[in-house]
Amino acid sequence: MTQGQLLRVELPSDPSMLCVVRAAMERLTEALGFTESEVRSVTRAVDEALTNIMRHSYGGALNRRIELSCLRIHRKRAKSEEGFEIRLVDYGPKIDPAKLRGRKLDEIKPGGLGLHFIRQSMDIVEFRRARGANVLRLVKYLAQEGRDRN
Amino acid sequence: MLGGKSLQIATRALGTTTVFDVTGDIDLANSPEVRKALLGEIREKKTPKVVMNMTKVRYIDSSGVASLVEALKASRDVGNRLLLVGLSPAAREVLQLSRLLKIFEVFDTEEAALAS
């Protein structure tokens, strides 16, 4: 098992799995000492990222593979600063990075909010294409208060 | 895959108002159900006031928010009202993050919404 790894699962691209993942994210982030607001942020980001994979990368197909792994990490050059990293891997077509910017919020219209929620909820949002897969890396650092609780 | 009923929508008619009592999380799995219920009431039945009671909605994702925005636009198109009641912290946060909280009529209680 990778150092710091807390959870590693494969799930189908079925929206009925979203509530299962949300429950897991809530329990994990609570156990790591995140505040209630931060727990909601991480849960929302992972849920929205999975939703994007299901809708856009897999086009609504229900049985494609998604890999989810969660790790406890430390910020580089600051060993005392702990964080929570989530990696999501899908095997859909290569994504145009221009489409990962999200839409502007000055217009009132339905849709296009998922990426905005992800970026606002996490400290790091990185996307890359590797070995035929789309890899999304999300990181949330634990505030001092949470580290003290742990 | 799981096949469970994670969302329930009950409907109450109170004079010219319809109240939707929604229980569960609103996400990609069931937001089309919410959209269909709201748009049916607003566009087809043209109910003057539609109240979305979200007291028992713990979580709503971007697809759920999109359904609410579409319903709000439909209600404005026909000159009627869509009111939201009892937003959870998570629901309030996503509406704030999307800068949409101010465009909805939001009430803490159903009584306040009905009296408005």
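Structure: above.
Residues numbered from 1 in each chain as written. Chains lettered and ligands numbered in written order. Predicted model: local features only at pLDDT ≥ 70, side-chain atom pairs only at ≥ 80, totals over all residues. Heavy atoms only, no water.

Visitor: Teacher, can you tell me more about the packing of helix H2 (residues 36-57) of chain A against helix H3 (residues 114-121) of chain A here?
Guide: Residues and elements named next belong to chain A. Following both chains from N to C, one finds H2 and H3 inclined at 145°, their axes separated by 8 Å at the closest point. Of the two elements, H2 crosses H3, and the hand of that crossing is left-handed. Contact residues: Ser 41, Arg 44, Ala 45, Glu 48, Ala 49 and Asn 52 in H2; Gly 114, Leu 115, Phe 117, Ile 118 and Ser 121 in H3. Its residues placed into classes, the contact of H2 with H3 shows five nonpolar, four polar and two charged. (Axes fitted to C-alpha atoms, helices over the stretch in contact; angles between N-to-C directions. Helix = DSSP H or I, 4+ residues; strand = E, 2+ residues; numbered from the N terminus. Left-handed = near helix turned anticlockwise from the far one by under 90°. Contact = heavy atoms within 4.5 Å. Nonpolar A, V, L, I, M, F, W, Y, C, P; charged D, E, K, R; others polar.)

Visitor: Mind showing me how you'd approach the interface of chain B and chain A here?
Guide: Many analyses report the size of an interface as the accessible area lost when the parts associate. With 25 residues of chain B at the interface, the matching set in chain A holds 28 residues. Taken together, both faces of the contact between chain B and chain A bury some 2300 Å²; the carbon and sulfur share is 63%. Applying the counting criterion to the chain B and chain A interface returns five salt bridges. Taken together, the connections running from chain B to chain A amount to eight residue pairs in polar contact (both at pLDDT 80 or more). Those elements giving two or more residues to the side of chain B that touches chain A turn out to be helix H2 (62-77) and helix H3 (89-97) of chain B. Per element, the largest residue contribution to the side of chain B that touches chain A is seven residues, and it comes from H2(B). Partitioned by chemical class, the residues of the side of chain B that touches chain A number 14 nonpolar, three polar and eight charged. (Buried area = accessible area lost by both parts, 1.4 Å probe. Salt bridge = Lys/Arg side-chain N within 4 Å of Asp/Glu carboxyl O. Polar contact = N/O pair within 3.5 Å; in protein donor to acceptor, adjacent residues only side chain to side chain.)

Visitor: When you look at the side chain of Thr51(A) in this model, what are you seeing that I'm missing?
Guide: Mapped onto the fold, Thr51(A) is located in helix H2. Apart from the residues within four sequence positions on either side, Thr51(A) is in contact with Leu18(A), Leu28(B) and Asp61(B).

Visitor: Help me out: how do you make sense of the nonpolar core in this one?
Guide: As a rule of thumb, nonpolar side chains are buried together in soluble globular proteins. Core analysis: the biggest nonpolar cluster contains 31 residues, and Leu38(B), Met52(B), Met54(B) and Phe104(B) have the highest contact counts within it. Listed by contribution, the elements that provide at least two residues to this core are strand E2 (17-24), helix H1 (31-44), strand E3 (49-56), H2, strand E4 (81-85) and H3 of chain B. At six residues, the largest contribution of residues to this core is made by H2(B). Apart from the residues within four sequence positions on either side, Leu38(B) is in contact with Phe20(B), Val50(B), Met52(B), Leu68(B), Ala71(B) and Leu82(B). Core analysis: the next-biggest nonpolar cluster, separate from the first, contains 29 residues, Leu11(A), Met25(A), Phe34(A) and Leu142(A) among them. (Core = buried A, V, L, I, M, F, W, Y, C linked by side-chain atoms within 4.5 Å. Buried < 20%, exposed > 50% of the residue type's maximum accessible area, 1.4 Å probe, protein only.)

Visitor: Mind showing me how you'd approach the pattern of salt bridges here?
Guide: Pairs can form between side chains of opposite charge whenever their charged atoms are close. All names here are of chain A. Tallied over the entire structure, the rule returns 19 salt bridges over all chains. Here Arg 65 ties to Glu 10 by a salt bridge, and the two come within 3.6 Å at their closest N and O atoms. Residue Arg 65 is located in strand E2 (residues 65-75), and its partner Glu 10 is located in strand E1 (residues 5-12); the two are separated by 55 residues in the primary sequence. With a relative accessible area of 38%, Arg 65 lands in the partly exposed category. Put simply, Arg 137 and Glu 85 hold a salt bridge, and the shortest N to O gap is 3.1 Å.

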